[in-house]
Amino acid sequence: DALVRRVGGGPADADESVWRERITPGRFDGRTVVVTGAASGIGRATAHRIAAEGGSVVAADITEPGLETLASESDTGRITTVTGDITRDDDIDRIVTAAGGRIDGLANVAGIVDDFSPAHETSDEMWRRVFAINVDGVFRLTRAVLPAMLERRAGSIVNVASEAALRGNAAGVAYTAAKHAVVGITKNTAFMYGPHGIRVNAVAPGGVATGIAHGGAPDSAWGNERTRDFLRMIPPIATAQHLAASITFLLSDDGVNVSGAILPSDGGWSVQ
Ligand code: NAD
């Protein structure tokens, strides 16, 4: 927690009460937003913020206990949870069905990290798993929500890329390549669907205090020498709520004139 960044001289933003004071009431009134990866970290904070700002949230994740906690924590009654794997088409169908026809927004947050391996030490298994979730998952969810958005000629999609989408020294080769692919999906869909009233953007987080480093990848090794070097390199770690602020800006009408953007949300790391 000592690493958690303090913004604007205020109290540590890990404190939920601070974020409840900062919300924009009504910003998502009447809107339905699908959030993947909602059982923890950035997805969880994003789901909470959208619900607190009046939106209905379809909160999807492969991890059921985290989803149950999310729903019980929210006093809004506007969070519907779906346990599902974004690499499975039948689960994606259930996620989209839970939205009930109208989908105003999609936050593609679910993802896993690799073990910071360079190419000659990256297994096929690691490569495929990182791509299946971080790239195929983003593409398939995007494909699944577009018909509902096209019907209303409105919608906003936010993909979660990474600092590793901007530079070569922020992760292993699999994660770096996968997050560059997320940028490609973002730019192409922003171009293709802009004329149909649909905006698509990505945020590129730097270091964020979440569980991603401890779980996810098959032999995730947070704490090995590579990742310790990495931690020394990056600016202070942000909280999931900091990222939720960036994601909801782009998802909401506040981002009305922004499409195809890759927004670094990294405390300035990308300018180093
Ligand atoms: P997290 O591990 O707390 O959350 C990720 C969530 O995705 C988990 O709840 C996990 O269960 C879910 N998930 C994983 N595989 C899934 C699947 N197949 N189907 C459905 N859900 C699945 O991590 P986080 O830090 O909140 O990560 C969110 C996003 O932010 C990821 O895309 C990650 O790559 C990106 N990111 C994180 C950081 C960071 O430092 N934490 C930095 C850059 C980018």
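Below is a summary of the structure that appears in this document. (Residues numbered from 1 in each chain as written. Predicted model: local features only at pLDDT ≥ 70, side-chain atom pairs only at ≥ 80, totals over all residues.)

**Considerations on the overall build of the protein chain**
Here is the rule: Helix and strand definitions here come from DSSP, where helices need a minimum of 4 consecutive H or I residues and strands a minimum of 2 consecutive E residues; each element is numbered from the N-terminal end. Field definition: a residue is buried when 20 or more other C-beta atoms are found within 10 Å of its C-beta, exposed when 12 or fewer are, and partly exposed for counts in between, with C-beta atoms placed from the backbone.
Helix and strand counts for the protein chain come out as 8 helices and 7 strands. Buried positions account for 47% of the 272 residues belonging to the protein chain.

**Section: helix H6 (residues 173-193)**
Residues spaced three or four apart along an α-helix face the same direction, because each turn holds 3.6 residues. Filter applied, for reference: Here the expected span of a helix is defined as 1.5 Å times the quantity of residues minus one. Contacts here follow a simple rule: the backbone-placed C-beta atoms of the two residues must lie within 7 Å.
Taking 1.5 Å per residue as the helical rise, H6 with its 21 residues ought to reach 30 Å, and the 30 Å between its terminal C-alpha atoms agrees with that figure. Looking at H6, one finds that the buried residues are Val173, Ala174, Tyr175, Thr176, Ala177, Ala178, Lys179, Val182, Thr186, Thr189 and Tyr193. Of the surrounding elements, those touching the buried residues of H6 are helix H5 (124-152), strand S5 (155-160), strand S6 (198-205) and strand S7 (262-265).

**Section: the pairing of S5**
To keep things clear, this is the line we draw: Note on handedness: a clockwise path from strand one over the helix to strand two, with the strands aimed away from the viewer, defines a right-handed crossover. Note on pairing: DSSP must find at least two bridges between two strands before they are called paired.
Across the 6 residues of S5, 6 count as buried, placing the element largely inside the fold. Neither face of S5 is left uncovered, since the one carrying Gly155, Ile157 and Asn159 and the one carrying Ser156, Val158 and Val160 both have all their residues buried. In this fold, strand S4 (residues 105-108) hands off to H5, which returns the chain to S5; that crossover is right-handed. Across 6 bridges, the pairing between S5 and S6 is parallel. Across the sheet, residue asparagine 159 finds its bridge partner in S6, namely alanine 202. Regarding the hand of the β-α-β motif, the stretch spanning S5, H6 and S6 is right-handed.

**Focus on unusual backbone geometry**
In this structure, phenylalanine 116 is a non-glycine residue whose phi angle is positive, near 65 degrees. The backbone of arginine 153 sits at a positive phi, close to 50 degrees, despite the residue not being glycine. Mapped onto the fold, arginine 153 is located in the loop between H5 and S5. For arginine 153, a count of 11 C-beta atoms within 10 Å gives the class exposed.

**A look at the sheet that holds strand S2 (residues 56-61)**
Going by this rule: Working convention: axes come from line fits to C-alpha atoms, limited for helices to the stretch in contact. Angles between N-to-C directions cover 0 to 180 degrees.
Spatial strand order, S3-S2-S1-S4-S5-S6-S7: 7 strands in an open sheet with parallel pairing. The open sheet terminates on both sides in strands that have one partner only, identified here as strand S3 (79-83) and S7. Mean inter-strand twist for the sheet, computed between neighbouring axes without regard to direction, equals 20 degrees. As paired elements, S6 and S7 share 4 bridges and run parallel to each other. What sits directly across from alanine 204, in S7, is proline 264. Here H5 sits on the sheet in contact with strand S1 (32-36), S4, S5 and S6, set at roughly 180 degrees to S4. In this fold H6 packs onto S5, S6 and S7, with an angle of close to 160 degrees to the strand it touches most, S6.

**What about the packing of H5 against H6?**
Stated precisely, the cut-off is as follows: Any angle from 65 to 115 degrees is called roughly perpendicular, while one under 35 is roughly parallel, one over 145 is roughly antiparallel, and all others are oblique. Crossings are sorted by hand: turned counterclockwise from the far helix by less than a right angle, the near helix makes the crossing left-handed, and turned clockwise it makes it right-handed.
At a minimum axis separation of 9 Å, H5 and H6 run at an interaxial angle of 15 degrees. By the angle class used here, H5 and H6 are roughly parallel. Relative to H6, the crossing made by H5 is right-handed. From H5, Met126, Trp127, Val130, Phe131, Asn134, Val135, Val138, Phe139, Thr142 and Leu146 reach across to H6, where they touch Ala174, Tyr175, Ala178, Lys179, Ala181, Val182, Ile185, Thr189 and Tyr193.

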